[in-house]
Amino acid sequence: WDVTWVQRLWCIFELAAFLKSRGPMAKDTPVIRPILFGPCALTIFGFTCVVMFVMIFLFSLGLRAALLPSVGVIFFFVLYPAAVTFRDYFWSMDTL
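Anyway, here's the lowdown on the structure attached to this text. From a predicted model like this one, the values you see are computed outputs, not experimental measurements.

**Points about the overall build of the protein**
- Counting secondary structure elements, the protein contains three helices and zero strands.
- Each helix and strand of the protein, ordered N terminal to C terminal, gives the series α-α-α.
- Sorting the 96 residues of the protein into buried and exposed places 16% on the buried side.
- The long-range fraction of contacts in the protein, counting pairs at least 24 apart against all pairs at least 6 apart in sequence, stands at 65%.
- Summing over all exposed atoms, the protein offers an accessible surface of approximately 7600 Å²; the carbon and sulfur share of this is 74%.

Okay, structure coming up:
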């Protein structure tokens, strides 16, 4: 879903019709998730794995002094956009 989802009457009607057709005894309820959660989570996981492998390699070469500040800067520039995406999603949940 996106922020405009609740502004489109047809989507709300479709969801209401689906819930009504299942009846009150339905066990599972629908979960609305953004399409960005998967790519963001995979990006964070993959990037963290790559950074850990690079850190292990650099530690084995004896490069420890400049490693932590550089890794911190790299984490900031790569993971900050993912954090902003998650924050925007949770702020938009107020609309829903």
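**Concerning helix H2 (residues 37–61)**
- Taking 1.5 Å per residue, 25 residues should reach 36 Å; H2 reaches 36 Å between its end C-alpha atoms and fits that length.
- Within H2 the residues assigned to the buried category are Cys 40, Phe 47, Val 51 and Met 55.
- On its buried side, H2 packs onto helix H3 (67–92).

Definitions and limits used
- Residues numbered from 1 in each chain as written.
- Predicted model: local features only at pLDDT ≥ 70, side-chain atom pairs only at ≥ 80, totals over all residues.
- Heavy atoms only, no water.
- Helix = DSSP H or I, 4+ residues; strand = E, 2+ residues; numbered from the N terminus.
- Buried < 20%, exposed > 50% of the residue type's maximum accessible area, 1.4 Å probe, protein only.
- Contact = heavy atoms within 4.5 Å.
- Areas by Shrake-Rupley, 256 points an atom, 1.4 Å probe, with all protein chains shown as cover.
- Expected span 1.5 Å × (residues − 1).

By themselves, these observations are geometric and do not establish any function.
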